[in-house]
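Here are the chains, one letter per residue:
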Amino acid sequence: MEYKNIVLPNYDHCILGTVTSILKHYNVETNHKSSEKIDEILEKNNYKNVIFLILDGLGEHILNNISKEGFLKKNQIDLVTSVYPSTTTAALTTYYSGKPPYETGWIAWSQYFKEYGRALDMFSHNESYLREPLKNPIIDVYKTVVNYKSIFEQIEESATDVKAYEIQPEYADRRAKRSIRANNIDEIIMNIEDLCKNPDKKFILAYSDNPDGILHKYGTDSEEAKNFVIETEEKIKKMCQNFNDDTVLIISADHGHKNVEKAYTLLDYPEIQECLIMPPSLESRVLSFWVKEDMKEIFVDRFNKIFEKEFWLMTKDEFLNKYHFLGYGNKHYKVDDFIGNYIALSVDGSMIRLETFLAEGKPIKKSTHCGLSKEEMEVPVIVVSK
């Protein structure tokens, strides 16, 4: 079946290029393609302060719908795709590592670890179905299996005169040795302004978990989302007016958002459950399936009869090697564990809940991401400097 109105990740012109340009500016060796537009800006000035602000969920279509003539759009220099899956786990880790999901093994919200015999929520470290922390694991997979060198460490090793900072919510894992907690946009801006007053040469990555949280709760067309974007835009504009010419601000997102139109559960389809070795994992709009060897053709036929118009089903080989959805480079050895022999990608507004008869799936959100729609895949790149 031919799917229209979808956007595939373009690893020559995606969010990976944004962070690659930052690494390149600090002389970090990388094998990935940088953004020519950002390269040109960073080469113009030996900036004392390079700030990268990530507004989670602020996709191109969210910004267009809410503030098409605003400050952010007026300073937009590019439109890029997210990585795939278009989700915070994959995209933020791309920003934090300077590598695509193919190289980090950070693919989606819930990934199955054979080391524990459990699917884990990657950011919270909780067991995915019961949503409980693991008790006294013998090894820590985050330190030994899916660990990576952060861009903060890479930058400070390559540019020894630069101090690298992260600003992020209290609950987030620390990735930089200079980590500052900020739980809303006001605290983020306050800390950016304070850091810029210091004489040191610095890189600052600041992460806001909104508008993503607001979009999930209220939807893309909500007044809550509109108010957040407009108010945040004004606060950023005011902050930028106080910058000197030694400071450059890069603003982007990890992915966009799309309203949920329909939610399924595989518990309603015993004919599909019969084909599976274990429950699917990853996310509700990109699902990895471990299918019994003698039921592969049956599974494909049964799944497509129900979901073909809403989900693009493909083999693991097609996903990784034909379409290169996770990107290119040195494949992380766990990718083959995390991806089953089939994978289904949302091409519409539907989702399939990840749940078992032991634990109900997570609440259905008004809006979400991880699919292939333009709304989820297209991300603005904004640069403000004097």
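Just above sits the structure.
Residues numbered from 1 in each chain as written. Predicted model: local features only at pLDDT ≥ 70, side-chain atom pairs only at ≥ 80, totals over all residues. Heavy atoms only, no water.

1. Some points on unusual backbone geometry
Note the cut-off: Under the DSSP-based scheme used, a helix requires at least four consecutive residues in state H or I and a strand at least two consecutive residues in state E, with every element numbered from the N terminus.
That bond from Y84 to P85 is cis: its omega, -5 degrees, falls within 30 degrees of zero. You can see P85 is positioned in the loop between strand 2 (76-81) and helix 5 (88-97). The linkage connecting N210 with the following residue, P211, adopts the cis geometry, with an omega of 15 degrees. Note on placement: P211 falls in the loop between strand 7 (201-208) and helix 10 (212-218). One non-glycine residue with positive phi stands out, namely N5, at about 60 degrees.

2. Brief notes about the sheet that holds strand 1 (residues 49-55)
Just so we agree on the cut-off: Note: two strands are recorded as paired if DSSP finds a minimum of 2 bridges between them. Axis lines are fitted through C-alpha atoms, for helices just across the contact stretch, and the angle between N-to-C directions can take any value from 0 to 180 degrees. Contacts: residue pairs with any heavy atoms within 4.5 Å of one another.
Judged by pairing direction, the sheet is mixed, and its seven strands sit side by side in the order 2-17-8-1-7-5-6 without closing on themselves. The open sheet has two free edges, formed respectively by strand 2 and strand 6 (179-181), since each of these has just one partner strand. The mean inter-strand angle of the sheet, taken between neighbouring strand axes irrespective of direction, is 20 degrees. Note: strand 8 (residues 247-252) against strand 17 (residues 378-385), four bridges, orientation antiparallel. From the neighbouring strand, I250 faces strand 17, where its bridge partner is V383. Contacting strand 1, strand 5 (162-168), strand 6, strand 7 and strand 8, helix 9 (residues 185-197) runs over the sheet at an angle of about 180 degrees to strand 7. Helix 11 (residues 223-241) contacts strand 1, strand 7, strand 8 and strand 17 of the sheet and is inclined by roughly 165 degrees relative to strand 8.

3. Points about the state of the cysteines
For the record, the criterion: A pair of cysteine sulfur atoms is labelled a disulfide when the two atoms are within 2.5 Å.
Scanning the model with the defined rule gives zero disulfides in all. The structure places no disulfide on C196, whose sulfur is separated from the nearest cysteine sulfur, that of C240, by 9.8 Å. Cysteine C370 is unpaired, with the sulfur of C14 as its nearest cysteine sulfur at 15 Å.

4. Side note on the pairing of strand 1
Keep this limit in mind: Each residue is assigned to one of three classes by its accessible area relative to the maximum for its type, calculated with a 1.4 Å probe on protein chains only: buried under 20%, partly exposed between the two thresholds, exposed over 50%.
Of all seven residues in strand 1, seven are buried; the element is thus mostly enclosed. Neither face of strand 1 is exposed, since N49, I51, L53 and L55 on one face and V50, F52 and I54 on the opposite face are all buried. In this sheet, strand 7 lies alongside strand 1 in parallel orientation, the contact comprising seven bridges. By the bridge assignment, I54 is partnered in strand 7 with Y207.

5. Observations concerning the packing of aromatic side chains
For clarity, the cut-off: Pairing of aromatic rings covers Phe, Tyr and the six-membered ring of Trp, with a centre-to-centre limit of 6.5 Å; geometry is then stacked below 30 degrees between planes, edge-to-face above 60, and tilted otherwise. Ring-over charges, as used throughout, are those where CZ of Arg or NZ of Lys falls within 6 Å of the ring centre and within 35 degrees of the ring normal.
In the structure shown here, the tally under the stated rule is 27 aromatic pairs. Between F289 and F303, the aromatic rings sit 5.6 Å apart at their centres with planes inclined by 65 degrees, giving edge-to-face as the arrangement. With F289 in strand 12 (residues 286-289) and F303 in helix 13 (residues 296-307), this pair connects stretches of sequence that are 14 residues apart. Relative to Y323, the ring of W312 lies with its centre 5.0 Å away and its plane at 75 degrees, an arrangement referred to as edge-to-face. Here the residue W312 occupies a position in strand 13 (residues 311-315), and Y323 occupies one in the loop between helix 14 (316-322) and helix 15 (335-338), the gap between them amounting to eleven residues. An aromatic cluster of three or more residues is present, and its members are Y264, Y269, F289, F299, F303, F307, F311 and Y342. Lying across the ring of Y165, R178 places its NZ or CZ 6.0 Å from the centre.

6. Considerations on helix 5
Extensive coverage of helix 5 is indicated by the burial of ten of its ten residues. Just downstream of helix 5, G98 is the residue with a positive phi angle, here 75 degrees.

7. A look at the side chain of S82
As a reminder of what qualifies: The definition of a polar contact used here is a pair of N or O atoms within 3.5 Å, where within protein one atom must be able to donate a hydrogen and the other to accept one, and adjacent residues in sequence count solely through side-chain atom pairs.
Of note, S82 is situated in the loop between strand 2 and helix 5. S82 gets classed as buried once you look at its relative accessible area, which sits at 0%. Side-chain polar atoms of S82 contact the backbone oxygen of D254, separated by 2.7 Å.

8. Some details on the packing of helix 9 against helix 11
For clarity, the threshold we go by: For this classification, under 35 degrees means roughly parallel, over 145 means roughly antiparallel, 65 to 115 means roughly perpendicular, and everything else is oblique. Ten residue types, Ala, Val, Leu, Ile, Met, Phe, Trp, Tyr, Cys and Pro, are classed as nonpolar, four, Asp, Glu, Lys and Arg, as charged, and the remainder, Gly among them, as polar.
Running from N to C, helix 9 and helix 11 point in directions that differ by 10 degrees, and their axes come no closer than 11 Å. Classified by the interaxial angle, the pair formed by helix 9 and helix 11 is roughly parallel. Only T232, K235, I236 and M239 of helix 11 make contact with helix 9, whose side of the interface consists of I185, D186, I189, I192 and E193. Partitioned by chemical class, the residues of the contact of helix 9 with helix 11 number five nonpolar, one polar and three charged.

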